[in-house]
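Summary of structural features
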Amino acid sequence: MIYHIMTLFPDMVNEAMQHSMIGRARDNHHIQMNFINIRDYANNKHHKVDDYPYGGGAGMVMQPAPIYDAYKAVERTLSTKPRVIYLTPQGKTFNQKLAMELAQEQEMVLLCGHYEGIDERVIDMIVTDQISIGDYVLTGGELAAMVVIDAVSRLIPGVLNNVSSAETETFDKGLLEYPQYTRPLEFMGRKVPDVLVSGHHKNIEVWRNEQALIRTYQRRPDLIKHTDLSQQEKKILDNYCKNR
């Protein structure tokens, strides 16, 4: 995967993406990042890329020309037209399903806005996807871009040391992940559930599935509504509700 990141603050993203699994993935060439400083495409000596909004209002708006020229410079290096993702609170909410979809791409462009946003005309001209990481407003799209990069990259082969980690975690099958435990066996009077130290793999799998189902019902009932539950899973939830 090659990420082409269009931003006013390339160092901000570059520095944050040099650590932990993402940093190792870059070092091992499982992912690559190409940073495009939008200011480099400003046609004035002060590298100014924003101006007052037509119609009045607070704040400034990023001008279309520097963004368009920056994108065209990227596009000329590619053999196919990439997905261009604009990070904006007005976009489609980012989730694990979308992360899995994006992980199938070979290259993508991430456009980070700033100020009050960017001129609508350049959005219409180059953007293919608008993505939001939540219903709140950030000072810029850089943090949102990093969230997308992190979530997508860990699904790319070779990025995670343990391939099965990405297959049995939160949001797999639409459910939250089951509780996790490690040593010591007892901590401040609290013991690890007996089933997890029983060595009976089938019982462990059953327990984990039940816990994932119950935890999702407790914490994210909205996910349950969109999950195709089996009759056995419905029975588990019915019994849980009766015994509360």
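Further up the page is the structure itself.
Not measured: the values here are computed from a predicted model.

Criteria and thresholds
- Residues numbered from 1 in each chain as written.
- Predicted model: local features only at pLDDT ≥ 70, side-chain atom pairs only at ≥ 80, totals over all residues.
- Heavy atoms only, no water.
- Phe/Tyr/Trp six-rings, centres within 6.5 Å; stacked < 30°, edge-to-face > 60°.
- Helix = DSSP H or I, 4+ residues; strand = E, 2+ residues; numbered from the N terminus.
- Buried < 20%, exposed > 50% of the residue type's maximum accessible area, 1.4 Å probe, protein only.
- Pairing = 2+ DSSP bridges.
- Axes fitted to C-alpha atoms, helices over the stretch in contact; angles between N-to-C directions.
- Contact = heavy atoms within 4.5 Å.
- Core = buried A, V, L, I, M, F, W, Y, C linked by side-chain atoms within 4.5 Å.
- Expected span 1.5 Å × (residues − 1).
- Arc of directions from axis to C-beta.
- Parallel < 35°, antiparallel > 145°, perpendicular 65-115°, else oblique.
- Left-handed = near helix turned anticlockwise from the far one by under 90°.
- Salt bridge = Lys/Arg side-chain N within 4 Å of Asp/Glu carboxyl O.

Right, let's talk about the packing of aromatic side chains for a bit. The final tally for this structure, using the stated rule, is one aromatic pair. Measuring from centroid to centroid gives 6.0 Å for Tyr-217 and Tyr-240, while their planes differ by 80°, and the two rings are edge-to-face. Here Tyr-217, found in helix H7 (residues 201-219), pairs with Tyr-240, found in helix H9 (residues 231-242); they are 23 residues apart in sequence, far enough to count as distant. Judged by its relative accessible area of 28%, Tyr-217 is partly exposed.

A few words now on the sheet that holds strand S2 (residues 32-37). Reading across the sheet, the five strands line up as S2-S1-S6-S5-S7 and stay open at both edges, with parallel pairing between neighbours. Strands with a single pairing partner mark the edges of an open sheet, and in this sheet they are S2 and strand S7 (129-132). Neighbour to neighbour, the strand axes of the sheet diverge by 30° on average, direction disregarded. Here strand S5 (residues 83-93) runs beside S7; their pairing, made up of five bridges, is parallel. Its bridge partner being in S7, Ile-85 is matched across the sheet by Asp-129. Sheet strands in contact with helix H3 (residues 64-75) are strand S1 (2-7), S2, S5 and strand S6 (107-112), and its direction is about 160° off that of S1.

This part takes up the nonpolar core. If you look at soluble globular proteins, the nonpolar side chains tend to sit buried side by side. Formed by 29 residues in total, the largest nonpolar core has its most connected members in Tyr-3, Ile-31, Phe-94, Leu-102, Leu-110 and Val-152. Secondary-structure elements contributing two or more residues to this core are S1, helix H2 (20-27), S5, helix H4 (96-102), S6 and helix H6 (142-153). With near-sequence residues (within four places) excluded, Tyr-3 lies in contact with Ile-31, Gln-32, Met-33, Asn-34, Met-108, Leu-110, Ile-149, Val-152, Ser-153 and Ile-156. Membership of the second largest hydrophobic core comes to 21 residues, among which are Leu-8, Ile-38, Tyr-71 and Tyr-86.

Moving on, we get to the environment of Gly-23. Mapped onto the secondary structure, Gly-23 falls in helix H2. Taking the C-alpha atoms as reference points, Gly-23 and Gly-56, 33 residues apart in sequence, are found 43 Å from one another. In this structure Gly-23 touches Met-17 and Gln-18, once residues within four positions along its chain are discounted.

One full turn of an α-helix is made of 3.6 residues, so residues set three or four places apart face in the same direction. Over its 12 residues, H3 extends 16 Å from the first C-alpha to the last, a length consistent with the 16 Å expected when each residue adds 1.5 Å. Those residues of H3 that sit buried are Pro-66, Ile-67, Ala-70, Tyr-71, Ala-73 and Val-74. Take H3 and look down its axis: the buried residues cluster within an arc of 155°, on one side only. Residues of H3 that are buried make contact with S1, S2, strand S4 (61-62), S5, S6 and helix H5 (120-126).

Our next topic: the packing of H7 against H9. At a closest axis distance of 10 Å, the pairing of H7 and H9 adopts a crossing angle of 60°. On the basis of their axis angle, the class for H7 and H9 is oblique. Once H7 is placed against H9, the crossing between them reads as right-handed. Residues Glu-210, Leu-213, Ile-214, Tyr-217 and Gln-218 of H7 lie in contact with H9, whose contacting residues are Glu-233, Ile-236, Leu-237, Tyr-240 and Cys-241.

Applying the stated rule across the entire model yields eight salt bridges. The shortest N-O distance in the salt bridge between Arg-83 and Asp-129 comes to 2.9 Å. One end of the pair, Arg-83, is in strand S5; the other, Asp-129, is in strand S7, with 46 residues separating them in the sequence. Note that Arg-121 and Asp-119 form a salt bridge whose closest N and O atoms lie 2.7 Å from each other. For Arg-121, a relative accessible area of 51% translates into the label exposed. Assessed through its relative accessible area of 15%, Asp-119 is described here as buried. One salt-bridge network, held together by shared partners, links Arg-83, Glu-101, Glu-105 and Asp-129.

Any functional reading would require information that these geometric values do not contain.
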